[in-house]
Amino acid sequence: MSDSNISSSASDSASIATVDQNVGRSQSIIDGGETFSPELRHWRDVFWLAIFIIHLILLGFVLVVLGLNRFKKSDRLNIDRYTNRVWENNNGLTENYWPKYAVAGGIGAILGWIWLLLLGSRANQMMKVSVHILTTYLAVVSVLCFWCKQFFWGVAFATGAALQFLYVISVIDRLSFTMLVLQKAVKMVWSLPEVTRVAYAFMAVMLLWMGIWSFGTAGVVASSRGDLGRWWLLVVLSVSLFWTGAVLCNIVHVIVSGLVFLVLIHGGRNASSMPPNSLMKSLRYAVTTSFGSICYGSLFTASIRTLRWEIRGFRSKIGNNECLLCCVDFLFQLVETLVRFFNKYAYVQIAVYGKGFNRSARDAWELFQSTGVEALVAYDCSGAVLLMGTVLGGLITGTCAGVWTWITWRDKMIMVGSTAMLMGMVLVGLAMVVVESAVTSIYICYAEDPLLIQRWDPQFFNQMSETLHQRLQHRSARAREVLTHNQLDSHMQDTFHL
């Protein structure tokens, strides 16, 4: 009895010390002017900044050449003679397919704008629809692909529908807490109308680049048919668009998360300690000193995060299959190591402190692990829910462009539809990222000082603390179970040897 009292008091003392340390940390941030301090701002990850800029310049030139070569005249620049061995040339023109991409860009932008307009009143319903409708939509698209005799794409979309269904089933018990976090993030974003204007502005910038990108892509579609070389070129162009879109999304992420962090840590946007012109300073740093870090992180963060969600969801439903659990645990530990250096919470550290990407990611993850908030972050599925909405928007965009192409050029339907889907995902993602930015800032602030969340929303603070306590208890019980199981196996082996 005395031992339990001693351990309980020690735990309470440690908790009090942690809270005091966090309070002192948050107060020093405010008093010391660590946020948006020009003295702490240096150019970070300049190598990746140069790579991204050079990539844009070279790709822009290539896109213009590819589009002009088939614009209103076949082989205008007389470059088909260099491609005869790479792909089969035909008499298609750029203007045959460019309008399809224009429609795709328009639909994607409209979906993103609708999301931002309904953010305050219907965001929760829209996120629930995304979770439950995506599986059905993927299955319907799969059936349509089989009907059009596109068996590879039919299998791909059917596999996607199955994985989406299994993932939702594996995390269905977490969705209530996830929706709670998303509701509070929407509440925060809705109180800062300037962040939606930032999203609108970057969607317009993305549309301008997509005009050039789709011009070149339409030239590629018009210049070849049924050839492996054409698909490889489209894959390269798609990877470039994905990186460019991720960079713009993460610029918005840095701007919004930095502003939300300041609002939470200063106690409101109208607080006297709030730095002046915070939004413009955040924008300036995001496109100058921190731009290289954003370019670097945008290459890897999204793919690693998606892989982690799938492995974590599959791992929770394995059961007692030790062989399979061992293999999945190996992959899980590998991905967790990567997450330590590539995670979305780094963008809050980049926005506030101006650190490099890897250091920001490592500091954020160590902060979560030292405070136990990592258990709460792992339980939350808000990023996956927002990704489902992004994929659904992309599917709607790709379907509209693909149906129009099927009516006029049936053999190019998959080609136009798949690339149009990527355009829609990028544009809808620019709208979704404002909510994800608020979520990351809320978790960073909760790890820095839980009282910041309590001051902002006491009821939400109590719900977060209760869920964190439950998750830590769950992990402790699971650790004890594994330890007991290992001890029992060791005892049985010793008995067998005797």
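Calculation notes
- Residues numbered from 1 in each chain as written.
- Predicted model: local features only at pLDDT ≥ 70, side-chain atom pairs only at ≥ 80, totals over all residues.
- Heavy atoms only, no water.
- Helix = DSSP H or I, 4+ residues; strand = E, 2+ residues; numbered from the N terminus.
- Buried < 20%, exposed > 50% of the residue type's maximum accessible area, 1.4 Å probe, protein only.
- Contact = heavy atoms within 4.5 Å.
- Areas by Shrake-Rupley, 256 points an atom, 1.4 Å probe, with all protein chains shown as cover.
- pLDDT = per-residue confidence, 0-100.
- Patch = residues over 30% accessible without salt bridge, like charges linked within 9 Å, V, L, I, M, F, W, Y side chains within 5 Å.
- Salt bridge = Lys/Arg side-chain N within 4 Å of Asp/Glu carboxyl O.
- Axes fitted to C-alpha atoms, helices over the stretch in contact; angles between N-to-C directions.
- Parallel < 35°, antiparallel > 145°, perpendicular 65-115°, else oblique.
- Left-handed = near helix turned anticlockwise from the far one by under 90°.
- Nonpolar A, V, L, I, M, F, W, Y, C, P; charged D, E, K, R; others polar.

Tell me about the overall build of the protein, and name the residues and values.
Per the secondary structure count, the protein includes 18 helices and zero strands. Counting across all 498 residues of the protein, residues that qualify as buried make up 50%. Across the protein, the fraction of contacts at a sequence separation of at least 24, relative to all contacts at a separation of at least 6, is 80%. Counting only carbon and sulfur atoms, one obtains 65% of the accessible surface of the protein, whose full area is about 23400 Å².

Break down the confidence of the model for the protein for me, with residues and values.
For residues with low pLDDT, the predicted coordinates do not support detailed interpretation. Of the residues in the protein, 75% reach a pLDDT of 70 or more, and the chain-wide mean stands at 80. Low pLDDT, under 50, characterises residues 1-24; the stretch is placed with seven contacts to residues that sit more than four places away or in other chains.

Before we move on, could you go through a nonpolar patch on the surface and cite the residues and values that matter?
There is a patch of nonpolar side chains on the surface, built from Ile-110, Trp-113, Ile-114, Leu-117 and Leu-118 and spanning about 440 Å² of accessible area. Residue position: Ile-110 is located in helix H3 (residues 98-117).

A description of the environment of Ser-418 should follow, citing residues and the corresponding values.
Counting through the fold element by element, Ser-418 comes out in helix H16 (residues 413-448). Distance from Ser-418 to Gly-394, taken between C-alpha atoms, is 9.2 Å for residues 24 residues apart in sequence.

How would you summarise the pattern of salt bridges if you had to cite specific residues and measurements?
Counted according to the given criterion, the structure contains five salt bridges. Among the ionic pairs, Asp-457 bridges to Lys-187, the shortest N-O distance being 3.1 Å. With a gap of 270 residues between them, Asp-457 in the loop between helix H17 (450-456) and helix H18 (458-497) and Lys-187 in helix H6 (residues 175-190) connect regions that are remote in the sequence. The class for Asp-457 is buried, based on a relative accessible area of 7%. Its relative accessible area of 40% is what places Lys-187 among the partly exposed residues. Taken together, the shared-partner salt bridges connect Lys-184, Lys-187 and Asp-457 into one network.

Tell me about the side chain of Ser-130, residues and numbers included.
Along the polypeptide, Ser-130 turns up in helix H4 (residues 123-147). The exposure class of Ser-130 is buried, given its relative accessible area of 8%. Ignoring sequence-local partners within four residues, the contact set of Ser-130 consists of Met-388, Gly-389 and Leu-392.

Tell me about the environment of Val-189, and name the residues and values.
Position of Val-189 among the secondary structure elements: in helix H6. With 70 residues separating them along the chain, Val-189 and Leu-119 place their C-alpha atoms 8.6 Å apart.

Let's hear about the packing of helix H12 (residues 346-353) against helix H13 (residues 357-371): which residues, and what values?
Running from amino to carboxyl end, H12 crosses H13 at an angle of 115 degrees, the nearest separation of the two axes being 8 Å. Here H12 lies roughly perpendicular to H13, going by the angle between them. The element H12 and its partner H13 pack so that their crossing is right-handed. Across the interface between the two elements, Ala-346, Tyr-347, Gln-349 and Ile-350 of H12 pack against Phe-357, Ser-360, Ala-361, Asp-363 and Ala-364 of H13. Broken down by class, the residue content of the contact of H12 with H13 amounts to six nonpolar, two polar and one charged.

Break down unusual backbone geometry for me, with residues and values.
Phi is positive for Asp-45, close to 50 degrees, though the residue is something other than glycine. Assignment of secondary structure puts Asp-45 in the loop between helix H1 (2-32) and helix H2 (46-68). Backbone geometry at Asn-277 places phi at a positive 55 degrees, although glycine is not the residue there. With respect to the helices and strands, the residue Asn-277 is situated in the loop between helix H8 (228-266) and helix H9 (278-286).

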